[in-house]
There are 2 protein chains.
Amino acid sequence: FRDPSFAQMSEAVVVYGGCGALGSVIVHHFKTLNYRVISIDLKANEEATSNVVLTGSETWAAQADEIKSGISAAVGSGKLAAVFNVAGGWAGGNAASPDVVGSAELMWKQSVWSSVIAANIAALHLKEGGLLVLTGAVPALGGTPEMIGYGMAKAAVHQLVKSLAAPKSGLPQHANAIAILPVTLDTPMNRKWMPTADTSTWTPLDTVADLFHKWLTGGLEVTNGSLIQLITKAGETTLIAE
Amino acid sequence: FRDPSFAQMSEAVVVYGGCGALGSVIVHHFKTLNYRVISIDLKANEEATSNVVLTGSETWAAQADEIKSGISAAVGSGKLAAVFNVAGGWAGGNAASPDVVGSAELMWKQSVWSSVIAANIAALHLKEGGLLVLTGAVPALGGTPEMIGYGMAKAAVHQLVKSLAAPKSGLPQHANAIAILPVTLDTPMNRKWMPTADTSTWTPLDTVADLFHKWLTGGLEVTNGSLIQLITKAGETTLIAE
C-alpha cells in the first residue's frame, strides 16, 4: 500500500495572487509543466490544482491564519518546491495628498501582507533548497515622491529578501529567497491604461513565468538574497541582480 | 492691533512620540531654547506647550485624522519650523515565528504610520525651508533575519526619506527631510534590559536633541534626503551620512 499523498506526487508550487495577470500566467506555465499548483487569491483559479480562496480578511493576522490553514490542508505533510508571491498593486500620491495614508495602507496590504505571509508559508512548508520569490519594483530602489506608499511597501519587500537570505531567518536549509523587480509588466491593464506607451520596454508575462521555472530547476543560477531587475528593451529582457 | 497668533510667536516644532525616552528629552531641549513645542503621544507631555493626545485609534486613517485636527488647532494659520518623529519600538521574530505577522504589524504601526502622518503634517504645515526628521535604524540598511518586521518598517522609513527629498514630494520649497539611524540609544529601558552592555557605544539622548537643534538652526549642515547613522564609540558620537 502506498498512500497517494501530496508528498509522493509531482512537485508543488504556491502562486500567491494566482488570479492576477502575472499570477494566472504562472499558474498556467507550471500546470503545463506538470507541477501541482496551489493558487491563493480572492477567487479560485480554475486551472490550479487547488485553491486557497480568501474571504477578504480585515486584519493581517486573520488573512495569515486563513492562508496557513488552506496551505496546510493542501500540502499536508508534503513539502513545497516554491512559493511565488506576485500579489500587489499600484497607487500614486505624494506627501501632500489627502489620501496619502489610504494609498500607503493599500500598498502595504497588497505587497507587505502578502510577502510576509508568503515568507511564513515558506518557513513552514518549503523543502530544503526550495525557492521563494517576492515582487519588488525598480523605482523603489530610489525615491518615489509621487507614489509614496508604493515605494515604501516595495522597499520593505526588498529589505525582507535581505533578511530572509541571512542566517537564522527561519527558512529551510539552502532555500533561496529572491525578488523580481519589474519596471512595467506587459499586462492587459497596463495596455488599457497606457494605450500609446512603447510596449517594447514592457516585460512579457511569459518571460517572467519562464524565469521562475529556470530558477527553480537550475536552468538559471539563483543567488540567495538577490533583487533581480527585469529590464526589457526592444522586447529583450535582461536581468540585473544586486 | 496685532493678533497674538501662533505665527507671530516663537518658532514651533512638533515632537511625534513626545512622551517617549527620546521624545521627552527633545521636548525639554526645545522648550529650554524657548520654542513652542507640540507633543503628539498617547498621553500629554506636561512640559510641552501643547499636546495632541491620541486615543489609540484602530486605523491608520483615524489616527491621521486625529493628529491632523490636533495640529491644525494648535498651529492655526502659523507654520512649523520642524517636525520630529521619534515614535517607534522594537520587536523580534524571524520568518518561522508564530507571531511574525503580529510583530510586523506592530512595527509598521509604530514606525510607518507615524512617519507617513509626520510627512503629511510636514506637507501641510511646515514652513519653507523647514525640517522633517524621521527615525530609521542602522541594522535595516541590511538584512535583519531575527527581526523581520522591525527591518521592513525601518527600511520603509529610509525609502520614504528618499521620496520626500525628491521633487514633487509635496513638502514645502527648500524643506529638508532626513532620518537619524541610531544603533542603540541610551534609554532607561535599554539600561534596564541590557544591564551588562557596554553603554559607551550607546548614543546619549541629549546628543540627539542637540543634533536636531543644530540641524534646524544651521549649526550643522543638512543634506536633504540623507540617512544619518549615529555611531557612538567611547561616548563620542560620529555622524555617517549617506
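Residues numbered from 1 in each chain as written. Chains lettered and ligands numbered in written order. Predicted model: local features only at pLDDT ≥ 70, side-chain atom pairs only at ≥ 80, totals over all residues. Heavy atoms only, no water.

Draft legend 1. Spatial organisation of helix H4 (residues 148-164) of chain A. Between its first and last C-alpha, H4(A) extends 25 Å over 17 residues, near the 24 Å set by a 1.5 Å rise per residue. With respect to burial, H4(A) is a largely interior element, 16 of its 17 residues being buried. (Helix = DSSP H or I, 4+ residues; strand = E, 2+ residues; numbered from the N terminus. Expected span 1.5 Å × (residues − 1). Buried < 20%, exposed > 50% of the residue type's maximum accessible area, 1.4 Å probe, protein only.)

Draft legend 2. The packing of helix H3 (residues 100-125) of chain A against H4(A), seen in detail. Residue and element names in this part refer to chain A. Close contact between H3 and H4 brings their axes to 7 Å; oriented N to C, the two are set at 20 degrees. With respect to each other, H3 and H4 are oriented roughly parallel. As for the relative orientation of H3 and H4, their crossing is right-handed in sense. Across from Val 100, Ala 104, Met 107, Trp 108, Ser 111, Val 112, Ser 115, Val 116 and Ala 119 in H3, the residues of H4 making contact are Ile 148, Gly 149, Tyr 150, Met 152, Ala 153, Lys 154, Ala 156, Val 157, Leu 160 and Leu 164. Considered class by class, the residues forming the contact of H3 with H4 number 15 nonpolar, three polar and one charged. (Axes fitted to C-alpha atoms, helices over the stretch in contact; angles between N-to-C directions. Parallel < 35°, antiparallel > 145°, perpendicular 65-115°, else oblique. Left-handed = near helix turned anticlockwise from the far one by under 90°. Contact = heavy atoms within 4.5 Å. Nonpolar A, V, L, I, M, F, W, Y, C, P; charged D, E, K, R; others polar.)

Draft legend 3. Molecular detail of the interface of chain A and chain B. Of the residues lining the interface, 42 residues belong to chain A; the matching set on chain B comes to 42 residues. Across the chain A to chain B interface the summed buried area is about 3,200 Å²; carbon plus sulfur atoms make up 70%. Counting across the chain A and chain B interface gives zero salt bridges. For the pair chain A and chain B, the interface holds 14 residue pairs in polar contact (both at pLDDT 80 or more). (Buried area = accessible area lost by both parts, 1.4 Å probe. Salt bridge = Lys/Arg side-chain N within 4 Å of Asp/Glu carboxyl O. Polar contact = N/O pair within 3.5 Å; in protein donor to acceptor, adjacent residues only side chain to side chain.)

Draft legend 4. Up close: a nonpolar patch on the surface. On the surface, Met189(A), Trp193(A) and Met194(A) cluster together into a nonpolar patch covering about 360 Å² of accessible area. Here Met189(A) is to be found in helix H5 (residues 188-193). (Patch = residues over 30% accessible without salt bridge, like charges linked within 9 Å, V, L, I, M, F, W, Y side chains within 5 Å. Areas by Shrake-Rupley, 256 points an atom, 1.4 Å probe, with all protein chains shown as cover.)

Draft legend 5. View of the pattern of salt bridges. All names here are of chain A. Taken as a whole, this structure holds six salt bridges over all chains when the rule is applied. The closest approach of N and O atoms between Glu 11 and Lys 127, which form a salt bridge, is 2.5 Å. Placement of the pair is Glu 11 in the segment before strand E1 (12-16) and Lys 127 in strand E5 (residues 126-135), with a sequence separation of 116 residues. Between Arg 191 and Asp 186 there is a salt bridge, with its nearest N and O atoms 2.8 Å apart. You can call Arg 191 partly exposed: its relative accessible area is 43%.

Any functional reading would require information beyond the geometric quantities listed.
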